[in-house]
Amino acid sequence: MTSKTTASLLAICVACAASAIAGTALAQTAETPPAQAGAGAAAAVSGDAQQQPAAEAPAEEEEETPAVAATDGKLVLPNGQDITPDHMENGRWYTAEDIPTYKIAEDGAVDWATFSGYRRYSAECHVCHGPDGEGSTYAPALRKSVLTMGYYDFLEIAASGKQEVNTAANLVMPAFGTNKNVWCYIDDIYAYLLARGTGDLPRGRPAKREDKSDEFVAQEDSCMSG
Ligand code: HEC
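Residues numbered from 1 in each chain as written. Predicted model: local features only at pLDDT ≥ 70, side-chain atom pairs only at ≥ 80, totals over all residues.

**Student:** Explain the overall build of the protein chain here, please?
**Tutor:** In terms of helices and strands, the protein chain carries nine helices and six strands. Expressed as a percentage of its 226 residues, the buried residues of the protein chain come to 28%. The long-range fraction of contacts in the protein chain, counting pairs at least 24 apart against all pairs at least 6 apart in sequence, stands at 64%. (Helix = DSSP H or I, 4+ residues; strand = E, 2+ residues; numbered from the N terminus. Buried ≥ 20, exposed ≤ 12 C-beta atoms within 10 Å, placed from the backbone. Contact = placed C-beta atoms within 7 Å.)

**Student:** Even after reading the chapter, I still don't get the environment of H129, so can you show me in this structure?
**Tutor:** Here H129 shows up in helix α4 (residues 126-129). For H129, a count of 22 C-beta atoms within 10 Å translates into the label buried. Each C-alpha atom, one on H129 and one on A139, is 5.0 Å from the other, the two residues being 10 residues apart in sequence.

**Student:** Whenever I open this one, helix α6 (residues 151-160) confuses me. Can you help?
**Tutor:** Along an α-helix, residues three or four positions apart point the same way, because every turn accommodates 3.6 residues. Within α6, eight of the 10 residues are buried, which leaves it mostly tucked inside the rest of the structure. Regarding α6, the residues found buried are Y151, F154, L155, E156, I157, A158, A159 and S160. One or two steps after α6, the chain reaches G161, where phi turns positive at roughly 80°.

**Student:** Looking at this structure, how should I read the nonpolar core?
**Tutor:** One recurring pattern in soluble globular proteins is that nonpolar side chains are buried together. Among the nonpolar cores identified, the biggest contains 39 residues, and V146, F154, I186, I189, Y190, A191 and L194 are the most heavily contacted of them. At the level of elements, β4 (92-94), α3 (112-124), α5 (142-148), α6, α7 (180-183) and α8 (186-198) are the ones that each hand at least two residues to this core. Looking at this core, the element that brings in the most residues is α8, giving eight residues. Leaving out residues up to four positions away in the same chain, A191 has contacts with W93, P100, T101, Y102, A113, T114 and G117. (Core = buried A, V, L, I, M, F, W, Y, C linked by C-beta atoms within 7 Å.)

**Student:** Teacher, can you tell me more about helix α9 (residues 214-225) here?
**Tutor:** With 12 residues, α9 ought to run about 16 Å at 1.5 Å a step, and its terminal C-alpha atoms sit 16 Å apart, in line with that. A small share of α9 lies buried, amounting to one of its 12 residues. (Expected span 1.5 Å × (residues − 1).)

**Student:** How do you make sense of the packing of α3 against α8 when you look at a structure like this?
**Tutor:** When two helices pack together, their arrangement is given by the angle between the helix axes and by the axis-to-axis distance. For the pair α3 and α8, interaxial distance at closest approach is 7 Å and the crossing angle is 95°. Our classification of the angle between α3 and α8 gives roughly perpendicular. Listed contacts from α8 to A113, T114, S116, G117, Y118, R120 and Y121 of α3 are D187, D188, I189, A191, Y192 and A195. Split into classes, the residues belonging to the contact of α3 with α8 amount to seven nonpolar, three polar and three charged. (Axes fitted to C-alpha atoms, helices over the stretch in contact; angles between N-to-C directions. Parallel < 35°, antiparallel > 145°, perpendicular 65-115°, else oblique. Nonpolar A, V, L, I, M, F, W, Y, C, P; charged D, E, K, R; others polar.)

**Student:** Before we go on, may I ask you to explain the environment of S222 in this structure?
**Tutor:** On the secondary structure map, S222 appears in helix α9. With 12 C-beta atoms counted inside 10 Å, the residue S222 sits in the exposed group. Residues S222 and C184, spaced 38 residues apart in sequence, show a C-alpha to C-alpha distance of 9.4 Å.

**Student:** Where do I start with the environment of A218 in this structure?
**Tutor:** As for its placement among the helices and strands, A218 is situated in helix α9. For the pair formed by A218 and N90, sequence separation is 128 residues and the distance between their alpha carbons is 7.7 Å.

**Student:** Whenever I open this one, unusual backbone geometry confuses me. Can you help?
**Tutor:** With a phi close to 65°, D98 is a non-glycine residue in the positive phi region. Mapped onto the fold, D98 is located in the loop between β4 and α3. For D132, which is not glycine, the phi dihedral falls at a positive 60°. Its place among the elements puts D132 in the loop between α4 and α5.

This is the structure:
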């Protein structure tokens, strides 16, 4: 089911990536808040009507990600996405809406797909996005991105890439849609980043994990050879 979804996304994504470019990049590249001293005129007109982004701009590390709301036994992201594991498919956990998610057992063991995501992230994304989804001076912290951006937007950017065109920053997010080492594991990477984003999975290599299931192996083989 999920592979059908991703296949159709690939078809539309070359076009859709362009529309995604404008949004987030500007905010990410802002390094310093507007100077506040001497901004008498601005202060005079601002009052409380104006919401200044100044307080957020420099907070690369300091601000912790918003807690995931737990209501009625469900885990819900700040963007409203329910991430409660509901069923398994191809050895991976999905929500009731078929969005990949993670499951951590009481003894701390992560599901295999989340562990797989850790490995793939470390091999393919870490170089730009920093260790453990923490971000770098070059590329944003994906553990935070997944809390707000939504699964399908994540897929689109991972498939088609993203390029900042509005400034001279020259940042490039490559397109991975035809790279099987990424695309066959993109749901795993997403689940791993979710687990990092909510804080349920600490930094570093997961200490305990479930075994790899036969279903996972079968789907992996067919994806990699397909
Ligand atoms: C060559 C460096 C590089 C690699 C490797 C890379 N990225 Fe990126 N990525 C970037 C840059 C730079 C941006 C910011 C682009 C922009 O805003 O225009 C970005 C942005 C993103 C975004 C959007 C984040 C947001 O908050 O807007 C996602 C999602 C993403 N990358 C996923 C991935 C995944 C998944 C991998 C590994 C499979 C990966 N990237 C590997 C450089 C890279």
